[in-house]
Amino acid sequence: MMALPVSGGGDGGGGTIADAVSGLVVLYCAIRLVRDRRRPLSRTAAVVFALPVVGISLAAAGAASPGAGITGLVRYLQIFVLVPAAVMLLIRDRRDARLVVWSLIGLALWQGAIGVHQYVTGTGASYMGEEIRAVGTFGAADVMGMATVVSFGIVCSLGLALGSGPGRQRTVAALCSLALLLPLALSFSRGAWIATAVTCGAQLALAGMRRAVKVFAVVAAASVILVGGLGVGTAMLQERISSITQVADAPDQSVTDRYTMWAAAVDMWRDQPLTGVGLKGFPDHRDGHASLALSSGSDTEGAGAGFKRQPLLSPHNMYLLILSEQGLLGLLALAGSWLALLVCGLRRLFRARRPASRGLDCALVACGLLTWQLVDFAYADIGGPSTALTAVLFGLGAWWALASEEAGDR
């Protein structure tokens, strides 16, 4: 469903087909559990998935209106509890996990190909006055959508390439990861670049330093050929990359807006430190806590859509969004569950590195996806058509971290 063009311009103003399908997945999983009459979750998994429910429910009770509270409650439960739990329970073994992983890679290649075509033909989203920004099928209103999908594809393919699977699989996966570097670059998404670089570095280090040196050499050579030899977006890419280090000295308006919203989120938390201002409460309280440096919105255009002023309704930082709307209790509950998944996943990854063990590829992919998402949450939050993939990501990570040892070894 993520491969289809987003209806309604991709403004994220409502549910998508992917959201509806994720609901069907949860329903199917529930029917299977009732039919099989088996205990669905281990004690550890039950605690990890119950933690977010507590914080989200408290924040929903403190929402400004019942409608906002219910809407926010359903969305958070969908992304962080129900769909991840369903994905974890439906994945039976490493073969199923690899099916999900290759599906993500296939989706990334499809979206990346569309993004490269948009850059070459000048039919992408507007960037510095030119319609060259690669956004795939997600539209100009969700410029992070394609970058997120392509980043998932790179992390998945690199994990498979570094794993202990068949040689042909590792070769194909390595080629896919190299091919996806180009659309990621053309997305001009600084947050996705940072999260992908950090995650791939972590994957390489976890797989072994000798292999890491070889992969770094290949990636460096590919980068020189693409950017230096072929001149792929050289000037704009260099300017975009250099802007990462200029966020304090000479920030552009988008960075200024982000810092202003971060400060507003922290100010909201100070007013309601334990429970926050309630789910969906950030837009209502934003103007009362933001400085005059905040612009009225961001301009979106291109990729088949006309000019539109997009309002800034979130701080573009998941941790600060939770802190402002759910308070310290909500942040500890949600972030605590994410950290528990990562710690449990890394613990099993180290066991999978033993010579007699199997599943290193699945371990690198699952832990890599969790790492990418937790790093990216420092620059983005949930919202937009690509959010349903976040739930699948957490489900895959939960399968590796919390499923029985036998499921990970099969």
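Report on the accompanying structure. Position numbers for residues start from 1 in each chain and track the written sequence from start to end. Owing to the predicted nature of the model, reporting of local features is limited to residues with pLDDT of at least 70; listing and counting of side-chain atom pairs is limited to 80 or more, with chain, interface and lining totals taken over all residues. Each side-chain value is derived from all of the structure's non-hydrogen atoms; neither hydrogens nor water enter the calculation.

**Points about the overall build of the protein**
Here is step 1 of the chain: A run of H or I in DSSP counts as a helix once it spans at least four residues, and a run of E counts as a strand once it spans at least two, with each numbered from the N terminus. Regarding its fold elements, the protein presents 16 helices and four strands.
Here is step 2 of the chain: Type-normalised accessible area, obtained with a 1.4 Å probe on protein chains alone, sets the label of each residue: buried when under 20%, exposed when over 50%, and partly exposed for intermediate values. Burial analysis of the protein (410 residues in total) assigns 50% to the buried set.
Here is step 3 of the chain: We call two residues in contact when some of their heavy atoms are within 4.5 Å. When contacts within the protein are restricted to residue pairs at least 6 apart in sequence, long-range pairs at least 24 apart make up 76% of them.

**Brief notes about the nonpolar core**
Here is step 1 of the chain: Here the nonpolar core consists of buried residues drawn from Ala, Val, Leu, Ile, Met, Phe, Trp, Tyr and Cys, with membership extended through side-chain atoms lying within 4.5 Å. Core analysis: the biggest nonpolar cluster contains 105 residues, and Tyr76, Phe80, Met318, Trp338, Leu369, Trp400 and Leu402 have the highest contact counts within it.
Here is step 2 of the chain: With 13 residues, the single largest contributor to this core is helix α13 (residues 318-352).
Here is step 3 of the chain: Residues contacting Trp338, with those up to four places away along its chain left out, are Phe80, Met318, Tyr319, Ile322, Leu374, Phe377 and Phe394.

**Topic: the packing of helix α5 (residues 144-162) against helix α8 (residues 190-207)**
Here is step 1 of the chain: Every axis in this analysis is a line fitted to C-alpha atoms, fitted for helices over the stretch in contact. Angles between the N-to-C directions lie between 0 and 180 degrees. Between α5 and α8, the shortest axis-to-axis distance is 10 Å and the interhelical angle comes to 10°. Comparing the axis directions of α5 and α8 gives the class roughly parallel. Touching Ala147, Ser151, Ile154, Val155, Leu158, Gly159 and Leu162 of α5 are Ala192, Thr196, Thr199, Cys200, Gln203, Leu204 and Ala207, all from α8.
Here is step 2 of the chain: Note on residue categories: nonpolar means Ala, Val, Leu, Ile, Met, Phe, Trp, Tyr, Cys or Pro, charged means Asp, Glu, Lys or Arg, and polar means any other residue, Gly included. Split by residue class, the contact of α5 with α8 holds nine nonpolar, five polar and no charged. Oblique is the label for any angle not covered by the other classes, which are roughly parallel (under 35 degrees), roughly antiparallel (over 145) and roughly perpendicular (65 to 115).

**With respect to the pairing of strand β2 (residues 130-133)**
Here is step 1 of the chain: Should DSSP find at least two bridges between two strands, the strands are taken to pair. In this sheet, β2 lies alongside strand β1 (residues 125-127) in antiparallel orientation, the contact comprising three bridges. Across the sheet, Ser126 pairs through a bridge with Glu131, a residue of β2.
Here is step 2 of the chain: Turn length for the β1-β2 hairpin, with the two strands adjacent in sequence and antiparallel, is two residues, and the turn residue Met128 shows positive phi of about 55°.

**Looking at the packing of aromatic side chains**
Here is step 1 of the chain: We call Phe, Tyr and Trp rings a pair once their centres come within 6.5 Å, taking the six-membered ring for Trp, and we label the pair stacked below 30 degrees between planes, edge-to-face above 60, and tilted otherwise. Overall, the coordinates contain ten aromatic pairs when judged by the stated rule.
Here is step 2 of the chain: Centroid distance Phe80 to Trp338: 5.3 Å. Interplanar angle 50°. Geometry classified as tilted. In this pair, Phe80 is assigned in helix α3 (residues 66-90) and Trp338 in helix α13, connecting sequence segments 258 residues apart. Of the two residues, Phe80 and Trp338, both sit in the buried class.

**What to know about the pattern of salt bridges**
Here is step 1 of the chain: In what follows, salt bridge is the name for a side-chain nitrogen of Lys or Arg lying within 4 Å of a carboxyl oxygen of Asp or Glu. Tallied over the entire structure, the rule returns five salt bridges.
Here is step 2 of the chain: Notably, a salt bridge pairs Asp19 with Arg75, separated by 3.1 Å at the nearest N-O pair. With Asp19 in helix α1 (residues 17-36) and Arg75 in helix α3, the pair connects residues that are 56 residues apart, well separated along the chain.
Here is step 3 of the chain: Owing to a relative accessible area of 13%, Asp19 belongs among the buried residues under this scheme.

**Let's talk about the packing of helix α2 (residues 43-61) against α13**
Here is step 1 of the chain: The interhelical angle for the contact between α2 and α13, taken along N-to-C directions, is 165°, at an axis separation of 8 Å. Between α2 and α13, the angle falls in the class roughly antiparallel. At the point where α2 passes α13, the crossing takes the left-handed sense. Packed against α2, whose contacting residues are Val48, Leu51, Pro52, Gly55, Ile56, Leu58 and Ala59, the element α13 presents Glu325, Gln326, Leu329, Gly330, Ala333, Leu334, Ser337, Ala340 and Leu341 at the interface.
Here is step 2 of the chain: Here the contact of α2 with α13 is built from residues that sort into eleven nonpolar, four polar and one charged. By the definition used in this description, the sense in which the near helix is turned from the far one sets the handedness, with an anticlockwise turn below a right angle giving left-handed and a clockwise turn giving right-handed.

Fair warning: the whole summary comes from geometry, so function is off the table for now.
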